Amino acid sequence: MTEWTERDIPDQRGRLAVVTGANSGLGLATATELARSGAEVVLAVRNTVAGEQAVADIRRTVPGAQVEARQLDLASLQSVRAFAKGMNDDFPAVDVLVNNAGVVHLGPPRTTGDGFEAHFGVNMLGHFALTGLLLGPLSRAAGARVVSISSTAHRGARLDFDDLMSRNNFKPRRAYARSKLACTVYGFELHRRLEKAGAPVISVVAHPGICRTNLSQRAFEERGAIPRAIDRWTQLAFPSVQGGARPQLHAATAPGVRGGQFYGPSGFQEIRGPVAPTEPNPEASDPAYGKTLWEAAEGLTGVSYL
């Protein structure tokens, strides 16, 4: 079988895509390829200056691209609500939502403006609220898709429902891994609930393997000079961000994708390689975990749906 690449994305003209964290890394690569394929793309970004620079970069790469940046801080439920209101007011339908944005902090614990542990609050709860608040325009599209972004780190994680904010014995890498497991659990539970409701939206999960992004660079800003140097050298051995974006682009656009599928690289340890369906951590697809996490997220965010 021929390897799937961004060149295989079907014509996206007439479709609207929202990509969170789209001013750099995987989000920028994803937004660029969606725009190249004809989609109108909203870059949902925390830093609007960086967002406008990304818009300019995409337009240079893709002349005539329909792309704009809008402010979205996933660490603030107020910002999530404001962004969603603007989207609901300005667009009749949303065809693709790629919940791409993520944070990694390797220093002491951080909290969001709402008091959530930063990894869990941004990576999972912010996207949980955003998806629920955009479910109206998603449901009005023909064949809309929500793509949740996992990580290879989710495989070694376990959720502690008595300590979702990692307040006990905080370890940054573990908190990040738990947040990505939560994103994965959420993506599958969203699929089950959409299917049960008969909604015209599918939920798919994807992970990039390991690739060169600025996420690691930002994380290591909180470490010393030697760890930062080691990280920079290690990054040189990783696949490009373009390759890392393929699983989520495939999940967002490829014909034949079904709700509840999980895509990632098919090579050694799922670090790199052609996009293919893969199997998640067994906890991730456990309906009992999904139900418990969903109910917790509703209580924490105040956003209830499905």
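Check the entry above for the structure.
Everything numeric in this text was worked out from a predicted model, so none of it was measured.

What counts, and at which threshold
- Throughout this description, residue numbers start from 1 for each chain and increase along the sequence as written.
- pLDDT decides what is reported in this predicted model: residues at 70 or higher carry local features, side-chain atom pairs at 80 or more are listed and counted, and totals for whole chains, interfaces and linings draw on all residues regardless.
- Only heavy atoms go into the side-chain values, all of them from the structure, while hydrogens and water stay out.
- Accessibility here uses a 1.4 Å probe with only protein chains present; expressed as a share of the type maximum, an area under 20% marks a residue as buried, one over 50% as exposed, and anything in between as partly exposed.
- What counts as a helix is a DSSP run of H or I of at least four residues, what counts as a strand is a run of E of at least two, and both are numbered from the N terminus.
- Any two strands between which DSSP finds at least two bridges are classified as paired.
- Every axis in this analysis is a line fitted to C-alpha atoms, fitted for helices over the stretch in contact. Angles between the N-to-C directions lie between 0 and 180 degrees.
- Every residue pair with non-hydrogen atoms within 4.5 Å of one another is taken to be in contact.
- We define a salt bridge as a side-chain nitrogen of Lys or Arg found within 4 Å of a carboxyl oxygen belonging to Asp or Glu.
- Here a Phe, Tyr or Trp ring, Trp counted by its six-membered ring, pairs with any other such ring whose centre lies within 6.5 Å, and the pair is stacked when the planes are under 30 degrees apart, edge-to-face when over 60, and tilted otherwise.
- Should an angle fall under 35 degrees it is called roughly parallel, over 145 degrees roughly antiparallel, and 65 to 115 degrees roughly perpendicular, with every other angle called oblique.
- Put simply, a crossing is left-handed when the front helix is turned counterclockwise from the back one by less than a right angle, and right-handed when it is turned clockwise.
- Here the nonpolar group is Ala, Val, Leu, Ile, Met, Phe, Trp, Tyr, Cys and Pro; Asp, Glu, Lys and Arg are the charged ones; every other residue, Gly included, is treated as polar.
- The definition of a nonpolar core used throughout is a set of buried Ala, Val, Leu, Ile, Met, Phe, Trp, Tyr and Cys residues joined through side-chain atoms within 4.5 Å.
- Here, the term right-handed applies to a crossover whose path from the first strand over the helix to the second runs clockwise when the strands point away from the viewer.

K.L.:
Would you take a moment to explain the pairing of strand β6 (residues 201-206) for this structure?
P.N.:
Counting buried positions along β6 yields 5 of 6 residues, so the element is predominantly enclosed. With 2 bridges joining them, β6 and strand β7 (residues 262-265) adopt parallel strand pairing. Bridge pairing in β7 links Val205 to Phe262.

K.L.:
Help me out: how do you make sense of the environment of Gln53 in this one?
P.N.:
Here Gln53 shows up in helix α2 (residues 48-61). Each C-alpha atom of the pair Gln53 and Tyr176 lies 28 Å from the other, and the pair is 123 residues apart in sequence.

K.L.:
Honestly, the sheet that holds β7 in this entry has me stumped. Any pointers?
P.N.:
One key point about sheets: their strands pair by backbone hydrogen bonds, in either a parallel or an antiparallel sense. Strand order in the open sheet formed by 8 strands is β3-β2-β1-β4-β5-β6-β7-β8, with mixed pairing between adjacent strands. Of all the strands in the sheet, just β3 (67-71) and β8 (275-277) have a single pairing partner and so form its edges. On average, adjacent strands in this sheet sit at an angle of 20 degrees to one another, irrespective of strand direction. Examined bridge by bridge, strand β5 (residues 144-149) and β6 share 6 bridges and lie parallel to one another. Note on β6: the bridge partner recorded for Ser148 is Val205. Along the sheet, helix α1 (residues 25-36) makes contact with β1 (16-20), β2 (40-45) and β4 (96-99), crossing β1 at roughly 170 degrees. The strands that α2 touches are β2 and β3; relative to β3, the one it contacts most, it runs at about 170 degrees.

K.L.:
Where do I start with the pattern of salt bridges in this structure?
P.N.:
A side chain with one charge can pair with a side chain of the opposite charge if their charged atoms come near. Under the criterion given, the structure shown has 14 salt bridges. Between Glu189 and Arg192 there is a salt bridge; the shortest N-O distance is 2.8 Å. Residue Glu189 and its partner Arg192 are located together in helix α6 (residues 172-197), separated by 3 residues, close to a single helical turn. Two residues, Arg193 and Glu189, come together in a salt bridge whose shortest N-O distance is 2.7 Å. One end of the pair, Arg193, and the other, Glu189, are both in helix α6, 4 residues apart, so they sit about a helical turn from each other. The residues Arg193 and Glu189 share a single accessibility class, namely buried. Salt bridges sharing common partners tie together Glu3, Glu6 and Arg246.

K.L.:
Looking at this structure, I do not really get the packing of aromatic side chains. What am I missing?
P.N.:
The description of an aromatic ring pair rests on the distance of the ring centres and on the angle between the ring planes. Summed over all chains, the structure comprises 7 aromatic pairs. When the ring of Phe128 is compared with that of Tyr305, the centres are 5.0 Å apart and the planes differ by 40 degrees; the resulting orientation is tilted. Residue Phe128 is located in helix α4 (residues 118-133), and its partner Tyr305 is located in the segment after α10 (287-301); the two are separated by 177 residues in the primary sequence. According to the relative accessible area criterion, Phe128 is buried, its value standing at 0%. Owing to a relative accessible area of 8%, Tyr305 belongs among the buried residues under this scheme. Relative to Tyr289, the ring of Phe161 lies with its centre 5.5 Å away and its plane at 55 degrees, an arrangement referred to as tilted. Taken together, the residues Phe161 in the loop between β5 and α6 and Tyr289 in helix α10 connect sequence positions 128 residues apart.

K.L.:
Would you take a moment to explain the packing of helix α3 (residues 77-90) against α4 for this structure?
P.N.:
Two packed helices can be described by the angle between their axes and the distance between those axes. The N-to-C vectors of α3 and α4 enclose an angle of 25 degrees; their axes lie 9 Å apart at closest approach. Taken as axis vectors, α3 and α4 run roughly parallel relative to one another. As for how α3 packs across α4, the hand of that crossing is right-handed. Seen from α3, the contacting residues are Leu77, Val80, Arg81, Phe83, Ala84 and Asn88; seen from α4, they are Gly126, Ala129, Leu130 and Leu133. Split into classes, the residues belonging to the contact of α3 with α4 amount to 7 nonpolar, 2 polar and 1 charged.

K.L.:
It is not clear to me how the nonpolar core should be interpreted in this structure. Could you clarify?
P.N.:
Generally speaking, nonpolar side chains in soluble globular proteins are found buried as a group. Grouped together as the largest cluster of nonpolar side chains are 54 residues, with contacts concentrated most on Phe83, Met87 and Met124. When residues in this core are grouped by element, the largest group, 9 residues, is from α6. Other than its neighbours up to four places away in sequence, Met87 contacts Leu16, Val18, Val42, Arg70, Val94 and Leu134. Among the nonpolar cores identified, the runner-up in size contains 37 residues, and Val19, Leu26, Ala54 and Val147 belong to it.

K.L.:
I'm lost on the pairing of β2 in this one. Help?
P.N.:
With 5 of 6 residues buried, β2 lies mostly within the body of the structure. Sheet analysis places β1 next to β2, joined by 5 bridges and oriented parallel. Its bridge partner being in β2, Ala17 is matched across the sheet by Val41. On the question of chirality, the crossover connecting β1 to the parallel β2 by way of α1 is right-handed. As paired strands, β2 and β3 are joined by 5 bridges and run parallel to one another. The residue bridging Val41 from the neighbouring strand is Val67, located in β3. Following the backbone out of β2, through α2 and into the adjacent parallel β3, one traces a crossover that is right-handed.

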